[in-house]
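Commentary on secondary and tertiary structure
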Amino acid sequence: MEDYVFQEATSNDIPALVSVFISSIQTAAKQDYSSNEISEWLESANNKKRWSELVQQQTVIALYVSKVMAGFGSLKDKNYIDFLYVHGNHQKKGFAQKILDKLIQTAEKQGQTIVTSDVSYTARPLFEKNGFTVVQQNNNARGSEVLVNFKMELVLPNV
Ligand SMILES: CC(C)(COP(=O)(O)OP(=O)(O)OC[C@H]1O[C@@H](n2cnc3c(N)ncnc32)[C@H](O)[C@@H]1OP(=O)(O)O)[C@@H](O)C(=O)NCCC(=O)NCCS
C-alpha cells in the first residue's frame, strides 16, 4: 500500500474535498446508480453551505498520498458517518477501509456506543465487512430521482 497520512480538514480544504467527492461518485457510483441519479447526487457539490457546515461542525478526516487528498470521511455528532469518499485515482487500494477505521476509533475514543451512517449501494459491502448491519432502506427524493441508500449501524463493544 502507498504511504499515506491523515490530516483534519479545515475550510481551506473545501476545494479538495469537493474535487474528491465529484471524482469518487463519477468513478465508483456509476456501477450502482443511473446517470440521472448520479447527476442529482452531484448537485450537492454546489451546495456551499453544506461544505462550510461540514468543516465547521464535523470532524473531517482527510487521507493524503504524496500531499494530494485521496479521500476523506466525516463524523457528525461524534457517532454519525456523514461522508466517506475516495478519489477515482485511488479506489480499490484499501483507503476507504483506513478512513473508516479512523472514524470508528475516533467515535470509540469519545465514548460512543454506536456508529451509524446512511450508506450507498457502492459502500454497503465495505460497511458490512466492518460489522455494520442494515436498519432500513431510505428512498431519498432528489429532483426527479429517488436515490436509494441504507441506514446502517455498528454497535461498539462496551469498554
Ligand atoms: C465506497 C468507496 C468509499 C470505497 O472506497 P475504496 O477506497 O475503493 O474502498 P477500499 O479499497 O478501502 O475497499 C475496502 C472494501 O470495500 C469493498 N468495496 C470497495 N469498493 C467496492 C465496490 N465498488 N464494489 C463492491 N465492494 C467494494 C470491498 O469489500 C473492499 O474489500 P476488498 O479489498 O476485500 O475487496 C468508494 O468506492 C467511493 O468513494 N464511492 C463513491 C462514493 C460513495 O458511495 N461513498 C459512500 C457514501 S455512504
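Each remark here, short or long, concerns the structure printed above.
Below is a short write-up of the structure. Note that the structure is a prediction, hence the values are computed from the model and not measured. (Residues numbered from 1 in each chain as written. Predicted model: local features only at pLDDT ≥ 70, side-chain atom pairs only at ≥ 80, totals over all residues. Heavy atoms only, no water.)

**Concerning the pattern of salt bridges**
Tallied over the full model, the rule gives five salt bridges. The salt bridge partner of Lys-93 is Glu-2, with a shortest N-O separation of 2.9 Å. Remark: Glu-2 occurs in the segment before strand 1 (5-8) and Lys-93 occurs in the loop between strand 4 (80-86) and helix 4 (95-109); sequence separation between them is 91 residues. Residue Lys-93 is classed as partly exposed on the basis of its relative accessible area, which comes to 34%. Classification of Glu-2 by relative accessible area gives partly exposed; the value is 36%. The residue Glu-128 makes a salt bridge to Arg-124 at a minimum N-O spacing of 2.9 Å. Separated by four residues within a single helix, Glu-128 and Arg-124 lie in helix 5 (residues 124-129), roughly one turn from each other. For Glu-128, a relative accessible area of 38% puts it in the partly exposed group. (Salt bridge = Lys/Arg side-chain N within 4 Å of Asp/Glu carboxyl O. Helix = DSSP H or I, 4+ residues; strand = E, 2+ residues; numbered from the N terminus. Buried < 20%, exposed > 50% of the residue type's maximum accessible area, 1.4 Å probe, protein only.)

**Some details on the environment of Phe-95**
For Phe-95, the location among the structural elements is in helix 4. A residue is classified by how much of its surface remains accessible, and Phe-95, at 1% relative accessible area, is buried. Setting aside chain neighbours within four positions, we find Phe-95 in contact with Met-1, Glu-2, Tyr-4, Leu-63, Val-65, Val-86 and His-90. (Contact = heavy atoms within 4.5 Å.)

**Concerning the environment of Lys-67**
Note that Lys-67 resides in the loop between strand 2 (59-65) and strand 3 (68-76). Once the C-alpha coordinates of Lys-67 and Phe-21 are considered, the two residues, 46 residues apart in sequence, prove to be 17 Å apart.

**Here's the deal with the site of the ligand**
Near the ligand, the surroundings consist of 22 residues, among which Gln-31, Lys-92, Gly-94, Ser-120 and Lys-129 are the closest. A distance of 2.9 Å separates an oxygen atom of the ligand from a polar backbone atom of Gln-97. Within the side chain of Lys-129, a nitrogen or oxygen atom sits 2.6 Å from an oxygen atom of the ligand. Calculation on the ligand without its partners gives an accessible area of 910 Å², and the protein chains cover 79% of this total. Every element with two or more residues in the shell around the ligand is listed here: helix 1 (14-28), strand 4, helix 4, strand 5 (114-119) and helix 5. Residues belonging to the shell around the ligand are distributed by class as follows: 11 nonpolar, seven polar and four charged. (Near = heavy atom within 4 Å. Polar contact = N/O pair within 3.5 Å; in protein donor to acceptor, adjacent residues only side chain to side chain. Areas by Shrake-Rupley, 256 points an atom, 1.4 Å probe, with all protein chains shown as cover. Nonpolar A, V, L, I, M, F, W, Y, C, P; charged D, E, K, R; others polar.)

Take it as geometry only, folks, not as evidence of what the structure does.
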